[in-house]
Amino acid sequence: MSEKEKFYENLEQKLEEHHKFPSTYLFKFIVPNNLHSLAAVEALFSNKAVITTRESKNGKYISITGKEIILQSVEVITVYRKAESIKGLMSL
């Protein structure tokens, strides 16, 4: 098993221990402040998610918070796996 797979297995275990699903889950990401990165992160969520953004002080980055009702822990893992492909993304 790769390190990445171990990480996600551990994350899923922690999600099951600390969250009751279905519930609202809060995602936080930081990306370079450009329309492509913003659109890529927004595409991670359904149209029912509540998404807020905030520019960094110098305008170089944008933080994106997404609140979404998640039915099971594997949905959280799916969002993070998709987010891996976004260049310059940092997960919080």
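Note that the structure is predicted; figures quoted are calculated from it, not measured.

1. Some thoughts on the pattern of salt bridges
Side chains that carry opposite charge are capable of pairing whenever their charged atoms lie near each other.
At step 1: Tallying each qualifying case throughout the model produces three salt bridges.
At step 2: As a salt-bridge pair, Lys-6 and Glu-3 come within 3.7 Å of each other at their nearest N and O atoms. Of this pair, Lys-6 and Glu-3 are both found in helix α1 (residues 3-18), three residues apart, which corresponds to roughly one turn of the helix.
At step 3: Judged by its relative accessible area of 42%, Lys-6 falls in the partly exposed class.
At step 4: A relative accessible area of 61% places Glu-3 in the exposed class.
At step 5: Close ionic contact of Glu-5 with Arg-81 constitutes a salt bridge, the shortest N to O distance being 3.0 Å. Here Glu-5 is found in helix α1, whereas its partner Arg-81 is found in helix α3 (residues 73-83), with 76 residues between them in sequence.

2. Observations concerning α1
At step 1: For α1, which comprises 16 residues, the first-to-last C-alpha distance of 22 Å matches the rise-based estimate of 22 Å (1.5 Å per residue) to within 8%.
At step 2: Looking at α1, one finds that the buried residues are Tyr-8, Leu-11 and Leu-15. On an axial view of α1, the arc spanned by its buried residues comes to 60°, and they lie on one face. Along α1, the residues that are exposed and aim more than 90 degrees away from the buried face are Glu-3 and Glu-17.

About the thresholds
Residues numbered from 1 in each chain as written. Predicted model: local features only at pLDDT ≥ 70, side-chain atom pairs only at ≥ 80, totals over all residues. Heavy atoms only, no water. Salt bridge = Lys/Arg side-chain N within 4 Å of Asp/Glu carboxyl O. Helix = DSSP H or I, 4+ residues; strand = E, 2+ residues; numbered from the N terminus. Buried < 20%, exposed > 50% of the residue type's maximum accessible area, 1.4 Å probe, protein only. Expected span 1.5 Å × (residues − 1). Arc of directions from axis to C-beta.

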